[in-house]
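Chain and residue survey
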Amino acid sequence: MSENKPQVALAIDEMKRELASPDIVKTLLATTFKGLSEVNMRQAMLDGMIQGHTIADFFKKDVYAIPFGSGYSLVTSISHNRKIGMRSGVVGVSKPEYTFDDDGKLIDCTITVKRRFSDGYVGEFTATVDFKEYNTNKNQWATKPKTMIAKVAEMHALRKACPEELSLNYTEEEMEREAIRENTIKSPGKMVEQSNLSMGNFIKTDENKQTGKKDIEEAQLFTGSEDGEETITIE
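**So, the packing of helix H5 (residues 78-87) against helix H8 (residues 145-161)**
Interhelical geometry of H5 versus H8 gives an angle of 30 degrees and a closest axis separation of 11 Å. Considered as vectors, H5 and H8 are oriented roughly parallel to each other. You can see that H5 and H8 cross each other, and the crossing is left-handed. Every residue of H8 that contacts H5 at Ile78, Asn81 and Arg82 is listed here: Lys151, Glu154, Met155 and Leu158. Here the contact of H5 with H8 is built from residues that sort into three nonpolar, one polar and three charged.

**Here we look at the packing of aromatic side chains**
As enumerated under the stated definition, the model contains five aromatic pairs in all. An angle of 25 degrees between the planes, with centres 6.2 Å apart, marks the rings of Phe117 and Tyr121 as stacked. Note that Lys146 overlies the ring of Tyr98, its terminal NZ or CZ placed 5.4 Å from the centroid. When the ring centre of Tyr170 is taken as reference, the NZ or CZ atom of Arg159 above it lies at 4.0 Å.

**With respect to unusual backbone geometry**
Backbone geometry places Asn137, a non-glycine residue, at a positive phi of 60 degrees. Within the secondary structure, Asn137 is located in the loop between helix H6 (131-134) and helix H7 (139-143). Of the residues examined, Asn137 reaches a relative accessible area of 58% and is grouped as exposed. Notably, Asn139 is not glycine yet its phi reads approximately 50 degrees, a positive angle. Tracing the chain through its elements places Asn139 in helix H7. We classify Asn139 as exposed; its relative accessible area is 59%.

Rules and cut-offs
Residues numbered from 1 in each chain as written. Predicted model: local features only at pLDDT ≥ 70, side-chain atom pairs only at ≥ 80, totals over all residues. Heavy atoms only, no water. Axes fitted to C-alpha atoms, helices over the stretch in contact; angles between N-to-C directions. Helix = DSSP H or I, 4+ residues; strand = E, 2+ residues; numbered from the N terminus. Parallel < 35°, antiparallel > 145°, perpendicular 65-115°, else oblique. Left-handed = near helix turned anticlockwise from the far one by under 90°. Contact = heavy atoms within 4.5 Å. Nonpolar A, V, L, I, M, F, W, Y, C, P; charged D, E, K, R; others polar. Phe/Tyr/Trp six-rings, centres within 6.5 Å; stacked < 30°, edge-to-face > 60°. Lys NZ or Arg CZ within 6 Å of the ring centre and 35° of its normal. Buried < 20%, exposed > 50% of the residue type's maximum accessible area, 1.4 Å probe, protein only.

Don't take any of this as a statement about function, it's just geometry.
If you want it as structure tokens, here you go:
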């Protein structure tokens, strides 16, 4: 019987069970969904579950949300994406290669991911990311810039290697700069624009109109909405 139940309805049923305790809701708002309202937290969880994430992913903070303008952006931890990559055949991640200018300032970072396919072929997928595009000059970007840009480069390479498994997964390090910009200029009633990267991670809200996922629209009543780790070195 349950197998014929719409995906959104199944997700709502599970959320109702798991979020029945006010203490659990309070804990999630203080950790996995820090800075979000309870309404946005419920929307983020439902959005994530529709994408294929589980309640356990949120409790372990493998998947979480950060404030983005008037809404949020779903992000995933780099360790979570590494595990998905390994299950998908990733057999190695190179050491980061950095480029510096004449003044010693960091320019970019390059990382290569190796993936073994079912026929035994091992492909190499390389990504180079520009430091200025992601640097916020805040928090760990100010104290550990090489570690932070290496995470971004690794995530880009992992998506290249495993597009089917990771195409919708983005890390906080990738979104932090844009989120800071949005959170700085946000104003009441501002629409949170959907990513041009086809991430499907942003909720658009404009007064009482919900223009994100169709399943989120159907679940408005439930949500209450009106509107530096070690890498695997290639040998």
